[in-house]
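Tertiary structure, described
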Amino acid sequence: MIERIEVSAPGKLMLFGEHAVVYGRPCIVTAVDHRMRVMVETANDSNLELYAPEVDVAGYIEKINNLGRDDAPKGTRFVSVAVRNFFNSFGIKSGLKVKTKSDFSSEFGFGSSSAVTVGVVKALSELFEKPLNNKEIFNLSYNTILDVQGVGSGFDAAAAIWGGTIYFITGGKKIEPLAAGKLPLVVGYTGIKADTPTLVRQVANFYKENKKLVGKIFDSIENIVEEGRIALSNHDHKKLGVLMDQNQELLNELGVSSPELENLIVAARKAGAYGAKLSGAGGGDCMIAFVPKGSRKLIEKVIEEKGGKIINVRTEAQGVRLEA
Ligand code: MEV
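This text gives an overview of the structure that appears in the document.

Conventions used here
Residues numbered from 1 in each chain as written. Predicted model: local features only at pLDDT ≥ 70, side-chain atom pairs only at ≥ 80, totals over all residues. Heavy atoms only, no water. 1 Å grid on protein atoms, 1.4 Å probe; cavity = no way out; pocket = protein on both sides within 12 Å on 5 of 7 lines; lining within 4 Å. Points joined across faces, edges and corners; volume = space filled by probe spheres on them. Helix = DSSP H or I, 4+ residues; strand = E, 2+ residues; numbered from the N terminus. Nonpolar A, V, L, I, M, F, W, Y, C, P; charged D, E, K, R; others polar. Axes fitted to C-alpha atoms, helices over the stretch in contact; angles between N-to-C directions. Left-handed = near helix turned anticlockwise from the far one by under 90°. Contact = heavy atoms within 4.5 Å. Buried < 20%, exposed > 50% of the residue type's maximum accessible area, 1.4 Å probe, protein only. Pairing = 2+ DSSP bridges. Near = heavy atom within 4 Å. Polar contact = N/O pair within 3.5 Å; in protein donor to acceptor, adjacent residues only side chain to side chain. Sits in = over half its atoms within 2 Å of the grid points. Core = buried A, V, L, I, M, F, W, Y, C linked by side-chain atoms within 4.5 Å.

1. Some remarks on the layout of surface pockets
Approximately 1,000 Å³ is the volume found for the largest pocket. Lining the largest pocket are 44 residues, with Phe-78, Ser-113, Gln-149, Lys-193 and Thr-196 positioned closest to its centre. Residue assignment for the lining of the largest pocket shows that the elements contributing at least two residues are strand S1 (4-16), helix H1 (77-90), helix H2 (112-127), helix H3 (134-149), helix H4 (155-162) and helix H5 (196-209). Top contributing element to the lining of the largest pocket by residue count: H2, with four residues. In terms of residue class, the lining of the largest pocket is made up of 17 nonpolar, 17 polar and 10 charged. Quantified by volume, the second largest pocket comes out at close to 210 Å³. Forming the boundary of the second largest pocket are Lys-182, Leu-183, Pro-184, Leu-185, His-237, Val-291, Pro-292, Lys-293, Arg-296, Val-313, Arg-314 and Thr-315. The residue inventory of the lining of the second largest pocket, partitioned by class, reads six nonpolar, two polar and four charged.

As structure tokens, then:
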């Protein structure tokens, strides 16, 4: 029997389609080379023992029979609900030790909760020799994300599983890898942590009160995603920049941008970016810019001058994989 497994899963950046994707529309997401590592080990007791330093969890212990309690500390919930859901699916009962280690801060909005969830599901499938294909890992991970945070399209779990750049429709109705190649992205962190469920609920309320207007915004975002999909396969970075600017305008209309994001986005455009937008739920986290070859340094400099923190990322990151 296998006693110890280590896997890693990448973080992600939303390129086009955030928020609209919660309402059955498509989006395009790209995985980045900042990884979340998950180590799992069987234990001779009936507990889950969890070490997750990136969310200040050190030696948290919970009875296997009790996993996923609503009053468990926030930093433990994705792991413990993922373990519970996996064990329930396969009728497994075992003591377990889980350690996570992240290359990236959970503040950036790179999808650390989804990457950790995907990592746990993949690691357990290897540890207990229950082979799962990508779609099965997705379904277990997505159910876990919904159990914990109640809302979400699942695009971040798909990015963590498939890696690369993918075209995605809500709940994994469509998950299609795109041959996008390396993307010339500059990423600026605003220094403000956004709370995704809060922003998703804010848009839900706006939609409830303005069905027609917000429905039209979602339609326009969907068109941008479809055009983006073509521009990505043509490696047309100029066109992708234009589409980013248009997507940002619509996100502004949805009310999810912020002065800090706008500040960095406008600075990047003025310094020569093809286009720029927020990436993710909005309200903070990161902005992204598509940049021509020669102007990366200048764009990074102006973002820093405006108070942003540059996060170096490479795209075309591999999806969830075994490390040991
Ligand atoms: C958040 O990163 C992106 C949203 O579209 C939510 C989701 O798709 O789960 C706002």
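The structure having been displayed, the exposition proceeds.
2. A word on the packing of H3 against H4
Taken N-terminus to C-terminus, the directions of H3 and H4 make an angle of 145°; their axes are 9 Å apart at the nearest point. Pair H3 / H4 crosses with right-handed handedness. In contact with Asn-134, Lys-135, Ile-137, Phe-138, Ser-141 and Ile-145 of H3, H4 contributes Ala-157, Ala-158, Ile-161 and Trp-162. Tallied by class, residues from the contact of H3 with H4 come to seven nonpolar, two polar and one charged.

3. A few points about the side chain of Ser-114
Within the secondary structure, Ser-114 is located in helix H2. When its relative accessible area of 3% is taken as the criterion, Ser-114 is described as buried. Apart from residues lying up to four places away in sequence, Ser-114 is in contact with Ile-145, Asp-156 and Ala-157.

4. Here we look at the pairing of strand S9 (residues 275-279)
Most of S9 sits out of view: five of its five residues are buried. Two strands pair when backbone bridges link them, and S9 and strand S10 (residues 286-290) are joined in this way by five bridges, in the antiparallel orientation. By the bridge assignment for S10, Ser-279 is matched with Cys-286. Linking S9 back to S10 in an antiparallel pair, the connection comprises six residues, with Gly-280 at a positive phi of about 110°.

5. Section: the site of the ligand
Taken together, Lys-12, Glu-18, His-19, Val-21, Val-22, Gly-152, Ser-153, Phe-155, Thr-196, Val-200, Gly-280 and Ala-281 are the residues near the ligand. Measuring from an oxygen atom of the ligand, one finds a backbone N or O atom of His-19 at 2.8 Å. Between Ser-153 and the ligand, the recorded distance is 2.6 Å, taken from a side-chain N or O atom to an oxygen atom. Given that more than half its atoms are within 2 Å of the pocket grid, the ligand belongs to the largest pocket. Classifying every residue of the shell around the ligand by side-chain character gives five nonpolar, five polar and two charged.

6. Overview of the pairing of S1
Most of S1 is tucked away, with 12 of its 13 residues classed as buried. Across 12 bridges, the pairing between S1 and strand S2 (residues 26-43) is antiparallel. When the bridges of S2 are listed, Met-14 appears paired with Val-29. Two strands pair when backbone bridges link them, and S1 and strand S12 (residues 321-322) are joined in this way by two bridges, in the antiparallel orientation. Paired with Ser-8 across the strands is Arg-321, a residue of S12.

7. Here's the deal with the sheet that holds strand S8 (residues 185-189)
Pairing within the open sheet is antiparallel, and its four strands lie in the order S9-S10-S8-S11. Only two strands of the sheet have a single neighbouring strand rather than two, namely S9 and strand S11 (309-310). The strands touched by helix H7 (residues 237-254) within the sheet are S8, S9 and S10, with S9 carrying the most contacts at an inclination of about 50°. Against the sheet, helix H9 (residues 296-305) touches S8, S10 and S11, its axis set at about 10° to S8.

8. Considering unusual backbone geometry
Excluding glycine, a negative phi dihedral is what most residues carry, and trans is how most peptide bonds are arranged. Backbone geometry places Asp-56, a non-glycine residue, at a positive phi of 60°. Taking relative accessible area as the criterion, Asp-56 reaches 74% and is therefore assigned exposed. Unlike most non-glycine residues, His-235 shows phi in positive territory, near 50°. When you line up the elements, His-235 lands in the loop between helix H6 (211-233) and H7.

9. Concerning the nonpolar core
Of all hydrophobic cores here, the largest spans 113 residues; its most connected members are Phe-16, Val-83, Phe-87, Leu-96, Phe-110, Leu-124 and Met-287. Those residues in contact with Phe-16 that sit more than four places away from it in its chain are Cys-27, Ile-28, Ile-224, Val-225, Gly-228, Leu-240, Leu-243, Met-244, Asn-247 and Lys-277.

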